[in-house]
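# Commentary on secondary and tertiary structure
In case you want the letters, here they are:
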Amino acid sequence: MKARTDPEGARLPIKLDTTSNGEFVPVPLSPANRESNRRAHEAAARNARRLDISKREFLVSACGAASTLLAFNEANAAAGRTGGYFDLPQEAALDQQLARVQVGPAKDELIFDVQGHFIDTPKGNPKGPEAFIKDVFMDSDTDLMVLSFVPSTRESEPVTIQAADTVRRIVEKLEGTHRLLLHGRVNPNQAGDLETMDELKERWGVSAWKTYTQYGPGGRGYFLSDDVGTRFIEKARVLRVKVICVHKGLPFGQRSYEHSRCSDIGVVAKRYPDVKFVIYHSGFVSTVREQAYDHAAKRDGIDTLVRSLLDNGVKPGDNVYAELGSTWRFLMRDPEQAAHALGKLLKCCGPDNVVWGTDSIWYGSPQDQIQAFRAFQISADLRAQHGYPEITPALRAKIFGLNGAKVYGLSAEEVKRYASRDRVAREKATYQERPDPHFMTYGPRSRREFLSLLKRGGA
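Residues numbered from 1 in each chain as written. Predicted model: local features only at pLDDT ≥ 70, side-chain atom pairs only at ≥ 80, totals over all residues. Heavy atoms only, no water.

Attention now moves to the overall build of the protein chain. Per the secondary structure count, the protein chain includes 18 helices and 10 strands. Its C-alpha atoms give the protein chain a radius of gyration of 21 Å, within 12% of the compact-globule value 23 Å for 459 residues. Taken along its principal axes, the extent of the C-alpha atoms in the protein chain is 65 × 50 × 45 Å. Taken across its 459 residues, the protein chain has 60% of its residues classed as buried. Long-range pairs, those at least 24 residues apart, make up 78% of the contacts in the protein chain between residues at least 6 apart in sequence. Surface accessibility of the protein chain: about 18,300 Å² in total, with carbon and sulfur atoms responsible for 50%. (Helix = DSSP H or I, 4+ residues; strand = E, 2+ residues; numbered from the N terminus. Rg over C-alpha atoms; globule rule 2.2 N^0.38 Å. Buried < 20%, exposed > 50% of the residue type's maximum accessible area, 1.4 Å probe, protein only. Contact = heavy atoms within 4.5 Å. Areas by Shrake-Rupley, 256 points an atom, 1.4 Å probe, with all protein chains shown as cover.)

Here it is in structure tokens:
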């Protein structure tokens, strides 16, 4: 039977492309990335013939994901990028059972995505909440997600709390009451935002606050450690919603650039040990190459988070959590940089304080990010040189969901038990008999698309 979506198999299940989340200008693919995609398509066509199935049928299978990651390994090794890799046996490209073990869910695995976005998908069909539910819960192994927000003025908020609550209510109708949590967007340097925190808690039941320190009136941001940030944190403490998710890194441009860095994180973490600070993107900057931390070099990017915690005596396992949304997705393009980024975060924040996020559905279904992370490993050489940990199944399980559950005060066992038998799970079981993932993204893929999104108030 002819495939309903992408019948020619033109789209890979693991996506290396220029898509951004609308918060940074799309970055062109490197020669190694383009070679990765070329080799992956060639391998898919070859392996599909060997299994006597169509290329599209092969790519939708676990073997398709494994074959794609193995092709990425080949291209990265040819380019001298060997510090990180996707740890898969070659046989997984042709053995479905082995491939499922490598890129499929582990027993009792919980995937809690602490950074999701609901957008009215301009390229998708169907649109809106239906596309969101399909991408997140049907075409990926995500169990639950936090819906977050982009920065905006109160008048031009592209996704309102009401729209996000609509998605949550749709899932609730499917009996998936544990599936979605909501953020309350607060720009404390914007008139009226601190005053509406009470309503966000009481009416909408938000589980955490989302803020952008680089954003503000006239392009001027703030620090969590200054008077504006202090009033915000104190209000969160009074309301007893003491999880603050703050965008750091992925700067919007040169205006108020200093506020995109993490210099204030160690300060407030030490000052407010009862508040959990979740650092969205972990300070990552797409134009800064991630490498081993050097205190003397004073580099931008993730190093600004590492430096702030070290300078303020904030230890691994304390109250700072490094989040991977867009960071991991971008660094899938360069596993050696990914190895340094993850290695530094795991050393500095601790194995219990790195949390999973994908920034989807800007990137379409998060399944490719999940499958790639299931196979990712830091090389033995980098582990020995820099004291980075091995990515073990136990560590991977913490990052995927157990750490996030701890942040939000959830019982991972209870959530997994409920999510395994609700209506979403039952509908997914039926859907998986003939899955139809589209392997598309929704975010801007060029500078022109990025600027167009900005004009529409999308970031």
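How two aromatic rings sit relative to each other is given by the distance of their centres and the angle of their planes. For the structure shown, the criterion picks out 11 aromatic pairs. A ring pair is formed by phenylalanine 86 and phenylalanine 376, whose centres lie 6.1 Å apart and whose planes are at 65 degrees; its orientation type is edge-to-face. Here phenylalanine 86 is found in strand 1 (residues 84-86), whereas its partner phenylalanine 376 is found in strand 10 (residues 376-378), with 290 residues between them in sequence. By the ring-pair criterion, three or more aromatic residues cluster together here, those being Phe86, Trp328, Trp356, Phe373, Phe376 and Phe400. Between arginine 333 and the ring centre of phenylalanine 330, over which it is positioned, the NZ or CZ distance is 4.6 Å. (Phe/Tyr/Trp six-rings, centres within 6.5 Å; stacked < 30°, edge-to-face > 60°. Lys NZ or Arg CZ within 6 Å of the ring centre and 35° of its normal.)

Further remarks concern the nonpolar core. Generally speaking, nonpolar side chains in soluble globular proteins are found buried as a group. Formed by 88 residues in total, the largest nonpolar core has its most connected members in Trp209, Phe277 and Trp328. Looking at which element gives the most residues to this core, the answer is helix 3 (residues 62-78), with eight residues. If you look at the next biggest cluster of nonpolar residues, it comprises 19 residues, including Leu180, Tyr431, Tyr442 and Leu453. (Core = buried A, V, L, I, M, F, W, Y, C linked by side-chain atoms within 4.5 Å.)

On to the packing of helix 13 (residues 367-375) against helix 15 (residues 393-407), then. At their nearest, the axes of helix 13 and helix 15 sit 10 Å apart, and the two run at 155 degrees to each other. One finds that helix 13 runs roughly antiparallel with respect to helix 15. Crossing geometry of helix 13 relative to helix 15 is assigned as right-handed. Residues Ile370, Phe373, Arg374 and Ala375 of helix 13 form the contact with helix 15, whose participating residues are Arg396, Ile399 and Phe400. Its residues assigned to classes, the contact of helix 13 with helix 15 shows five nonpolar, no polar and two charged. (Axes fitted to C-alpha atoms, helices over the stretch in contact; angles between N-to-C directions. Parallel < 35°, antiparallel > 145°, perpendicular 65-115°, else oblique. Left-handed = near helix turned anticlockwise from the far one by under 90°. Nonpolar A, V, L, I, M, F, W, Y, C, P; charged D, E, K, R; others polar.)

Every buried residue of helix 17 (residues 423-431) is listed here: Val424, Ala425, Lys428 and Tyr431. Burial along helix 17 is one-sided: seen end-on, the buried residues are contained in an arc of 120 degrees. The opening residue of helix 17, the one whose side-chain oxygen lies 3.2 Å from the backbone nitrogen of valine 424, is aspartate 422. (Arc of directions from axis to C-beta. Polar contact = N/O pair within 3.5 Å; in protein donor to acceptor, adjacent residues only side chain to side chain.)

Most of strand 7 (residues 276-280) sits out of view: four of its five residues are buried. Each parallel crossover has a hand, and the one from strand 6 (residues 243-247) via helix 9 (residues 265-271) to strand 7 is right-handed. Pairing analysis gives three bridges linking strand 7 to strand 8 (residues 320-323), with the strands arranged parallel. Looking across to strand 8, one finds that phenylalanine 277 is bridged to valine 320. Viewed along the sheet, the connection from strand 7 through helix 10 (residues 302-311) into strand 8 turns out right-handed. (Right-handed = clockwise from strand over helix to strand, strands pointing away. Pairing = 2+ DSSP bridges.)

Before going further, it helps to spend a moment on the side chain of asparagine 353. Relative to the helices and strands, asparagine 353 is located in the loop between helix 12 (335-348) and strand 9 (354-355). Among the polar contacts listed, one links the side chain of asparagine 353 to the backbone oxygen of aspartate 318, at a separation of 2.8 Å. Beyond its immediate stretch of four places on either side in the chain, asparagine 353 contacts Gly317, Asp318, Asn319, Val320, Tyr321, Ala322, Asn403 and Lys406.

This part is about the packing of helix 3 against helix 4 (residues 96-103). Packing of helix 3 against helix 4 brings their axes to within 8 Å, and their N-to-C directions diverge by 70 degrees. Here helix 3 lies roughly perpendicular to helix 4, going by the angle between them. The hand of the helix 3/helix 4 crossing is left-handed. Between helix 3, through Ala62, Cys63, Ala65, Ala66 and Leu69, and helix 4, the contact on the second element is made entirely by Gln96, Ala99, Arg100 and Val103. Among the residues making up the contact of helix 3 with helix 4, the classes are represented as seven nonpolar, one polar and one charged.

Attention now moves to the environment of histidine 178. Secondary-structure assignment places histidine 178 in the loop between helix 6 (161-173) and strand 4 (180-185). With relative accessibility at 27%, the residue histidine 178 sits in the partly exposed group. Those residues in contact with histidine 178, other than ones at most four positions away along the chain, are Leu144, Glu414, Val415 and Tyr418.

Attention shifts here to the side chain of histidine 117. Along the chain, histidine 117 turns up in the loop between strand 2 (112-116) and helix 5 (129-138). Among the polar contacts made by the side chain of histidine 117, one reaches the side chain of aspartate 359 at a distance of 2.9 Å.

Relative to the helices and strands, leucine 194 is located in the loop between strand 4 and helix 7 (197-202). With a relative accessible area of 15%, leucine 194 lands in the buried category. Those residues in contact with leucine 194 that lie beyond four places of it in its chain are Val186, Pro188, Arg231, Phe232 and Lys235.

Scope: geometric values only; no functional claims are made or implied.
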